Amino acid sequence: MTKLGVVLTDRGSRYAVTGASVRSRAEVDAVLAALKSDRAYAKATHNTWAAILPTGGLKADDGESGAGMVILRMLEREGLSDHVIIVTRWYGGKKLGGDRFRRVQDAVRAYLER
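Residue numbers restart at each chain and count upward from 1, following the sequence in its written direction. Side-chain atom pairs in this predicted model are given and counted only at pLDDT of 80 or more, local residue features only at pLDDT of at least 70, and totals for whole chains, interfaces and linings cover all residues. Side-chain measures were taken over the full set of non-hydrogen atoms in the model, leaving aside hydrogen atoms and water.

> Explain the sheet that holds strand β5 (residues 83–90) to me, please; I cannot follow it from the model alone.
By definition, the strands of a sheet pair up through backbone hydrogen bonds, in either a parallel or an antiparallel sense. One open sheet holds the five strands; their spatial order is β1-β2-β5-β3-β4, and the pairing between them is antiparallel. The sheet is open, and its two edges are formed by β1 (2–10) and β4 (56–60), each paired on a single side. Ignoring strand direction, the axes of neighbouring strands in this sheet form an average angle of 15 degrees. Pairs of residues are marked as contacts when any of their non-hydrogen atoms sit within 4.5 Å. Whenever a helix is involved, its axis is fitted only over the stretch in contact; in every case the axis is a line through C-alpha atoms, and angles between N-to-C directions fall within 0 to 180 degrees. Strands here are runs of E lasting at least two residues and helices are runs of H or I lasting at least four, both read from the DSSP assignment and numbered beginning at the N terminus. Across the sheet, helix α3 (residues 67–78) lies against β3 (46–53), β4 and β5, angled at about 35 degrees from β3, the strand it touches most. Contacting β1, β2 (13–21) and β5, helix α4 (residues 99–113) runs over the sheet at an angle of about 145 degrees to β1. Between any two strands, pairing holds if DSSP finds at least two bridges.

Spelled out as structure tokens, the structure:
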């Protein structure tokens, strides 16, 4: 698992990105459990994620409606399969509107460029 930590902030919200190689939903769940074993990540407002597995694409918004699809589309464009990317957001008190999707994209881009 590669945890980049907080890669950007916007109006008080902080975004972190994590990724790992996975081949099954069980492995995705194990990565999520390992991430949430860190108390800071367990207390985060959202841990949105997507993965492209041999059985197809999976995603979860974790309350950040539409964010999982943003991650999934970026994985598809990169051709990155057998991998999960998790974008964590700690809400900073101000709604970001559509900018929240740009921040998710920025976080995923930071991971892909590492």
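The rest of the description comes next.
> Just checking my understanding: could you explain the nonpolar core for this structure?
Within soluble globular proteins, side chains that are nonpolar generally end up buried alongside one another. Take the buried residues of types Ala, Val, Leu, Ile, Met, Phe, Trp, Tyr and Cys, join any two whose side-chain atoms come within 4.5 Å, and each joined set is a nonpolar core. Three labels apply to residues, based on accessible area from a 1.4 Å probe with only protein chains included: buried if under 20% of the type maximum, exposed if over 50%, partly exposed otherwise in between. Ranked by internal contacts, the top residues of the largest apolar core, which has 18 residues, are Ile71, Ile85, Val87, Val104 and Val108. Those elements that place two or more of their residues in this core are β2, β3, α3, β5 and α4. Excluding anything up to four places from it in sequence, Val87 contacts Tyr15, Ala16, Val17, His46, Asn47, Thr48, Ile71, Val104, Ala107 and Val108.

> Where do I start with the packing of α3 against α4 in this structure?
Packed helices, taken two at a time, are described by the angle their axes make and the gap between the axes. The geometry of α3 relative to α4 is characterised by a closest axis approach of 10 Å and an angle of 35 degrees between their N-to-C directions. By crossing handedness, the relation of α3 to α4 is classed as right-handed. Where α3 approaches α4, its residues Ala67, Val70, Ile71, Met74 and Glu78 are matched on the opposing element by Phe101, Val104, Gln105, Val108, Arg109 and Leu112. Asp, Glu, Lys and Arg are counted as charged, while Ala, Val, Leu, Ile, Met, Phe, Trp, Tyr, Cys and Pro are counted as nonpolar; the rest, among them Gly, fall into the polar class. Class assignment of the residues belonging to the contact of α3 with α4 gives a composition of eight nonpolar, one polar and two charged. If you view the pair so one helix is near and one far, a crossing is left-handed when the near helix is turned anticlockwise from the far one by less than a right angle, and right-handed when it is turned clockwise.

On their own, these measurements won't tell you what the molecule is for.
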